[in-house]
Amino acid sequence: MTAIHVVGRSNRHLYGDALEQWFRLRHAVFVGERGWTALARPDGRDIDSYDDEHAIYLLAIDAGRVVGGQRLYPTLRPHMISEVFPHLVARDIPAGPTVFEWTRYFVVKERRMGRTDCRLLAALQAFCLEEGITHVTAVVEMWWLPRWQQAGFRAKPLGLPQPVEGQPTVAALIEISEESRSAALRVGGLRPSSLVRHGTGSPQEADHAAA
Amino acid sequence: MTGRGFDHADEAFAFIEKLDAIADSEGVVDAMASSLARFGFENFIITGLPHPRERFEYVVVLRSWPEGWFEIYAREDYVRVDPVIRLCRNTVQPFEWTEAPYDAEQEPRAAEVMRRAADFRMARGFCLPIHGLQGYEACLSMSGIDLDLTARTKPALHLMAMYAFERARQILQPGGLPRSAGLTPRERETLTWAALGKSAADTGEILGITERTVTAHVASACQKLGAANKTQAVARAVQHRLIAI
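Residues numbered from 1 in each chain as written. Chains lettered and ligands numbered in written order. Predicted model: local features only at pLDDT ≥ 70, side-chain atom pairs only at ≥ 80, totals over all residues.

Quick look at the sheet that holds strand β5 (residues 137–144) of chain B
Residues and elements named next belong to chain B.
At step 1: If you trace the five strands from one edge of the open sheet to the other, you get β2-β1-β5-β4-β3, paired in antiparallel fashion. The strands lining the two open edges of the sheet, one partner per strand, are β2 (60–64) and β3 (95–96).
At step 2: Note: strand β1 (residues 43–48) against β2, four bridges, orientation antiparallel. Pairing of F44 across the sheet is with S64, part of β2.
At step 3: Along the sheet, helix α2 (residues 25–37) contacts β1, β2 and β5; its crossing angle with β2, the most-contacted strand, is approximately 45 degrees.
At step 4: Here helix α7 (residues 154–172) sits on the sheet in contact with β1, β2, β4 (124–131) and β5, set at roughly 55 degrees to β4. (Pairing = 2+ DSSP bridges. Helix = DSSP H or I, 4+ residues; strand = E, 2+ residues; numbered from the N terminus. Contact = placed C-beta atoms within 7 Å. Axes fitted to C-alpha atoms, helices over the stretch in contact; angles between N-to-C directions.)

Here is the structure:
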């Protein structure tokens with residue numbers, strides 16, 4: 001049974017093996033499959049400067065095996081949109097204590113039939129609702145947008161699409177809501193299930209006061 | 001084609017904002033007609049891509065097409081031979097109609113549909129394929145004669161088409177449930193494992209259900225896909241992107 005685990009600075013020591021799998025899978029997916037050659041590393045692990053103590057991972061784990069995941073990062077700190085993709089945003093870059101950047105989303109190849117996607121998307125909404133995060137920003141290939149939308153996500157474009165690594169790509173602002181969470185569960189035919197928070201105490205994992 | 005006196009980016013953002021307040025499909029058609037006209041488009045359609053046993057008319061979401069052309073297209077079942085539709089199944093990127101390949105000699109019906117479309121002022125076109133979750137497939141295709149369709153305007157049109165599609169989908173399928181030939185998530189899962197070479201017994205073990213239940217799911221999927229056996233069902237499910245492997 002797949003569950004979504006919250007991994008942050010307070011409990012990452014409990015997830016050494018899962019994080020190792022996650023970094024390797026990221027390399028396989030983003031460099032190997034999608035051809036983001038700028039991320040290629042000889043050790044076969046995709047780790048960038050946003051994989052620091054401020055990152056929060058929501059990992060889909062099934063019997064010890066990572067089958068998908070996503071990363072959240074505070075927008076009060078330099079983040080990918082502000083540092084790497086500012087040209088994708090036509091007006092102001094959304095930032096604030098309740099706005100997080102959502103990156104490195106993927107599902108492993110053999111689970112790409114929708115349910116694991118819906119589980120991860122619902123978990124993103126659930127985590128943000130629990131942590132008081134109102135919006136997430138993301139950079140996404142255009143062909144992905146309808147998948148989010150179909151899962152009930154409300155995403156506003158922040159600029160016109162532009163090619164990134166040869167793919168039309170857009171920056172978007174996504175609203176967090178209970179409706180989006182339940183829509184993702186409904187589309188995936190999933191029952192609501194709690195996020196797993198081993199060794200994190202309570203919510204407030206997100207680093208709102210980062211500066 | 002420069003200097004038509006409007007900013008395509010502003011037009012796109014204004015259009016997307018306007019869509020939010022629209023509550024019915026006629027409203028979406030009107031908003032699309034007026035915004036797309038600024039780029040020279042006269043006709044457009046939003047449609048799901050029909051499965052082998054589905055009729056085109058039943059999967060059309062909304063349209064502003066010349067009436068005569070819609071009748072001919074449906075009657076002739078052109079959707080089975082239309083090179084634009086074929087390319088939609090095979091790419092996630094928007095494309096101009098001229099980029100949809102066909103062999104005029106080997107595929108006279110493909111040549112025919114393109115030629116007859118031009119008789120209805122649908123000489124040039126731009127098409128956005130949509131590939132959603134769980135095999136959902138659709139497209140938004142727009143056309144006209146004198147188009148402002150350049151590397152500069154295409155990103156704006158791409159974004160507008162994506163959001164027009166989404167608004168129409170929300171209005172017409174408020175439950176947000178994908179169309180997937182009526183296959184259930186379990187039916188798709190069992191076909192996916194079959195496509196990956198797993199036996200019914202293996203699949204049962206993976207999914208934590210009995211082999212008999214797996215066989216029942218596959219049989220039901222065969223029936224829905226009009227397939228004679230598991231192999232044909234897998235082939236059709238892959239062909240129509242109901243499953244991804």
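Overview of α2(B)
Residues and elements named next belong to chain B.
At step 1: The first and last C-alpha atoms of α2 sit 18 Å apart over 13 residues, in line with the 18 Å expected at 1.5 Å per residue.
At step 2: All buried positions along α2 are accounted for by V28, M32, S35 and L36. Down the axis, α2 shows its buried residues gathered within 90 degrees of arc, on one side only. Away from its buried face by more than 90 degrees, α2 exposes E26, S34 and A37.
At step 3: For α2, the secondary structure elements touched by its buried residues are α1 (8–20), β1, β2, β5 and α7. (Expected span 1.5 Å × (residues − 1). Buried ≥ 20, exposed ≤ 12 C-beta atoms within 10 Å, placed from the backbone. Arc of directions from axis to C-beta.)

Comments concerning the pairing of strand β3 (residues 65–74) of chain A
Residue and element names in this part refer to chain A.
At step 1: Of all ten residues in β3, nine are buried; the element is thus mostly enclosed.
At step 2: Pairing of strand β2 (residues 56–62) with β3, which is carried by seven bridges, proceeds in the antiparallel orientation. Residue pairing in the sheet places I61 in a bridge with V66 of β3.
At step 3: Linking β2 back to β3 in an antiparallel pair, the connection comprises two residues, with A63 at a positive phi of about 50 degrees.
At step 4: Here β3 runs beside strand β4 (residues 99–107); their pairing, made up of six bridges, is antiparallel.

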